[in-house]
Amino acid sequence: HHPSRHQAGQYFGDDRRRGLPPGALSGGDDIEAHALGHAILDNAWAIDGEGRANTLIIDGLGVIAKLGAEGVLVVGTAEGTAVALKVLDGSMRAITVIGVELLVSVGALEREAADKVIAAATEEVLGGGKPVGELRAASAITDWSNALRP
């Protein structure tokens, strides 16, 4: 089933209600892409389940996010900034922190909202059953974007 032009108007209207320019979620007037983008934003739980990292990123930051097997994460904003990561050892433990921090470092996400999502989506570091530390991005991750700026 292909969405009609009338339905496209509904999706473009959703862009405007979200404070985005028409076509922002697909980069143009691709009706199917709009339908998919809005379906993900409106039903984040269907990507990964309630309370899970993908769902927390999507709901908390209003972006499209998908974790994959063996340490893969892709996150994209409606404005077109995206990050794709692969953790070489396949560990998922720090990938949400890294992906969100990279988007914050280039100004694509607001710090306060990002911190809330990171806190909710990141495992506690325990020792003897008690919190003993935290996962956070090293300065090599958060400062890399400075080299890209003129």
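Definitions and limits used
- Residues numbered from 1 in each chain as written.
- Predicted model: local features only at pLDDT ≥ 70, side-chain atom pairs only at ≥ 80, totals over all residues.
- Heavy atoms only, no water.
- Helix = DSSP H or I, 4+ residues; strand = E, 2+ residues; numbered from the N terminus.
- Buried < 20%, exposed > 50% of the residue type's maximum accessible area, 1.4 Å probe, protein only.
- Areas by Shrake-Rupley, 256 points an atom, 1.4 Å probe, with all protein chains shown as cover.
- Axes fitted to C-alpha atoms, helices over the stretch in contact; angles between N-to-C directions.
- Parallel < 35°, antiparallel > 145°, perpendicular 65-115°, else oblique.
- Contact = heavy atoms within 4.5 Å.
- Polar contact = N/O pair within 3.5 Å; in protein donor to acceptor, adjacent residues only side chain to side chain.
- Salt bridge = Lys/Arg side-chain N within 4 Å of Asp/Glu carboxyl O.

A. A look at the overall build of the chain. Along the backbone of the chain there are seven helices and five strands. Walking the chain from its N terminus toward its C terminus, one meets helices and strands in the order α-α-α-α-β-β-β-α-α-β-β-α. Out of the 150 residues in the chain, the part that is buried amounts to 37%. For the chain, the accessible surface area stands at approximately 8800 Å², while carbon and sulfur atoms represent 55% of it.

B. The arrangement of the packing of helix H5 (residues 95-105) against helix H6 (residues 111-121) in detail. The geometry of H5 relative to H6 is characterised by a closest axis approach of 10 Å and an angle of 175° between their N-to-C directions. If you check the angle between H5 and H6, you find them roughly antiparallel. Contact with H5, carried on its side by Thr 96, Val 97, Val 100, Glu 101 and Val 104, involves Arg 111, Ala 114, Ile 118 and Ala 121 of H6 and no other residues of that element.

C. The environment of Ser 91, seen in detail. On the secondary structure map, Ser 91 appears in the loop between strand S3 (82-86) and H5. Judged by its relative accessible area of 31%, Ser 91 is partly exposed. Along the primary structure Ser 91 and Gly 71 are separated by 20 residues, whereas in three dimensions their C-alpha atoms are 5.2 Å apart. A polar side-chain atom of Ser 91 sits 3.3 Å from the main-chain amide nitrogen of Arg 93.

D. Representation of the pattern of salt bridges within the structure. For the structure on display, the rule yields six salt bridges. For the salt bridge of Arg 93 with Glu 123, the shortest nitrogen-to-oxygen distance reads 3.9 Å. Remark: Glu 123 occurs in the loop between H6 and strand S4 (125-127) and Arg 93 occurs in the loop between S3 and H5; sequence separation between them is 30 residues. When its relative accessible area of 36% is taken as the criterion, Arg 93 is described as partly exposed. Residue Arg 111 pairs with Asp 115 through a salt bridge whose shortest N-O separation is 2.6 Å.

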